[in-house]
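Examining the three-dimensional arrangement
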Amino acid sequence: MPAPTPVLLMVRELNLGGSERQMAEIAKALDRSRFDPRAGCFRPAGLRGEELRAAGVPIVRFPVPSLASVKGALRIAAYVREQGIGLVHTFDTPANLYGVPAARMAGSAVVVSSQRADRRLMPRLYRHGLRVTDHLVDGIVVNCEFMRRHLLDDERVPAGLIHLCYNGIDTGAFRRVRGPRPEALRDASLVVGVVCVLRPEKGLETLLDAFAEVHDMEPGMKLAVVGSGPCLADLQERARALGIAQDCVFEPATPRVADWLAGIDIFVLPSVSEAFSNSLMEAMACGCPVAATRVGGNPELVAHGETGMLFEPRDPAALAQTLRLLIREPALRSELGCNAARAIASQFSLAAAARRMGEIYAELL
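We now turn to the structure provided with this report. (Residues numbered from 1 in each chain as written. Predicted model: local features only at pLDDT ≥ 70, side-chain atom pairs only at ≥ 80, totals over all residues. Heavy atoms only, no water.)

Description of the pairing of strand S6 (residues 139-142)
Operational definition: Only protein chains enter the accessibility calculation, which uses a 1.4 Å probe. A residue is then buried if its area is under 20% of the maximum for its type, exposed if over 50%, and partly exposed in between. Counting from the N terminus, the helices are the DSSP runs of H or I reaching at least four residues and the strands are the DSSP runs of E reaching at least two. At least two DSSP bridges between two strands are required for those strands to pair.
Burial of the side chains of S6 extends over both faces: Gly139 and Val141 are buried on one face and Ile140 and Val142 on the other. As paired strands, strand S5 (residues 110-115) and S6 are joined by four bridges and run parallel to one another. Residue pairing for S6: Ser114 is matched across the bridge by Val141. Note that S6 and strand S7 (residues 162-164) share three bridges and pair parallel.

A few points about the sheet that holds strand S11 (residues 266-269)
This is how it is decided: Here an angle of 0 to 180 degrees is reported between the N-to-C directions of two axes, which are lines fitted to C-alpha atoms, with helices fitted over the stretch in contact.
Pairing within the open sheet is parallel, and its six strands lie in the order S10-S9-S8-S11-S12-S13. The two strands at the open ends of the sheet, each matched to only one other strand, are strand S10 (248-251) and strand S13 (309-311). Across the sheet, the mean angle separating the axes of adjacent strands is 20° when strand polarity is ignored.

Comments concerning empty space enclosed by the protein
Inclusion rule: Cavity and pocket criteria rest on a 1 Å grid covering protein atoms alone: a 1.4 Å probe that fits but cannot get out defines a cavity, protein on both sides within 12 Å along at least 5 of 7 lines defines an open pocket, and an atom within 4 Å of a point defines a lining residue. Grid points are joined across faces, edges and corners, and a volume is the space filled by probe spheres set on the points. Residue classes follow a fixed rule: Ala, Val, Leu, Ile, Met, Phe, Trp, Tyr, Cys and Pro count as nonpolar, while Asp, Glu, Lys and Arg count as charged, and any other residue, Gly among them, counts as polar.
In the structure shown here, the tally under the stated rule is one cavity of 30 Å³ or more. Estimates place the volume of the largest cavity at around 50 Å³. Gln22, Ile26, Phe91, Arg116, Cys165, Tyr166, Asn167, Gly168, Ala353 and Met357 are the residues that line the largest cavity. For the lining of the largest cavity, the secondary-structure elements that each account for two or more residues are helix H1 (18-29) and helix H14 (350-364). Across the lining of the largest cavity, the residue classes break down as six nonpolar, three polar and one charged.

Regarding the pattern of salt bridges
Put simply, the rule reads: The term salt bridge refers to a side-chain nitrogen of Lys or Arg lying within 4 Å of a carboxyl oxygen of Asp or Glu.
The tally for this structure, following the rule as stated, stands at 23 salt bridges. Within this structure, Arg119, Arg127, Arg131, Asp134 and Glu155 form a network of salt bridges that share partners.

Thoughts on the state of the cysteines
The test is simple: Any two cysteine sulfur atoms within 2.5 Å of one another count as a disulfide.
Enumeration over the complete set of coordinates arrives at zero disulfides. Just so you know, Cys286 is unpaired, no disulfide at all, and the nearest cysteine sulfur is the one on Cys288, 6.0 Å from it.

Below, the structure written as structure tokens:
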């Protein structure tokens with residue numbers, strides 16, 4: 001049997017974040033009889049680093065003070081040549097912009113990038129840089145059909161360059177378990193919530209506006225917003241202006257995501273733009289009945305009325321109507337949650353994602 005092919009999976013940092021999580025999970029789950037994974041990064045500290053080390057995946061730090069650093073690029077190219085790396089796969093925008101040219105400079109490896117978010121949300125300079133890397137790679141991995149169409153229609157990427165690998169979820173860590181709520185929610189009668197980064201494209205003001213319309217339907221109902229980001233202060237101010245601050249719990253980003261999901265009765269993702277949401281997948285895997293906007297890859301995850309509910313973005317009235325239905329119908333919540341958990345386990349497991357990524361790597365090699 002031939003020796004496993006050394007592969008280098010790259011991301012900017014090994015901390016919280018969807019791309020960071022997917023890189024770490026794929027690195028841990030790849031078939032070790034076929035691939036010898038290493039994790040490359042610019043900043044090695046963080047939760048994902050601990051997970052990778054525990055799984056025996058070597059971590060290689062490439063100090064990159066800026067994306068204009070030639071020295072850092074030369075180090076990546078030298079490592080690829082010296083270690084006989086057969087394939088380099090970059091997982092996020094900084095790694096795409098910097099790691100792809102560096103890996104191509106080595107001249108000895110297959111080079112693969114990732115596109116996991118709508119490029120129209122990015123600064124113009126980044127979008128231009130990614131268009132350059134599109135011409136340097138042997139393949140681009142996307143995480144949903146929506147992203148494939150975006151690259152084809154908006155970025156004019158050749159179809160043969162694009163490979164679809166849906167995100168995978170660790171269904172051992174994210175599963176249907178109902179335990180005690182986190183302390184901040186312990187006295188809530190019912191919890192509407194979201195776990196995500198607090199950025200403008202998440203549309204969280206729609207959730208606050210809709211919750212203000214329904215919060216008096218049941219005494220003791222709470223809204224949980226779990227995550228960190230630039231919109232926190234504005235969201236807290238909006239809650240005060242709507243008169244619901246006393247019913248809202250704002251919790252910073254936490255590695256205890258599954259514990260918080262276990263305490264949420266209705267999960268809402270009100271994004272105005274989305275690719276293939278890890279947050280939504282995790283909520284579904286934990287058996288939360290979900291309501292999500294009809295954008296991006298959300299309809300690929302949520303079958304309306306079967307595994308969750310869909311509504312139009314920036315429409316608080318539509319979301320409030322959906323929340324009223326779910327609040328009044330606990331049997332419907334239970335049915336949607338059970339169906340969602342089964343769908344994730346059968347179609348979007350980590351094992352399925354790792355198998356698919358292995359197929360992509362083997363094909364390109």
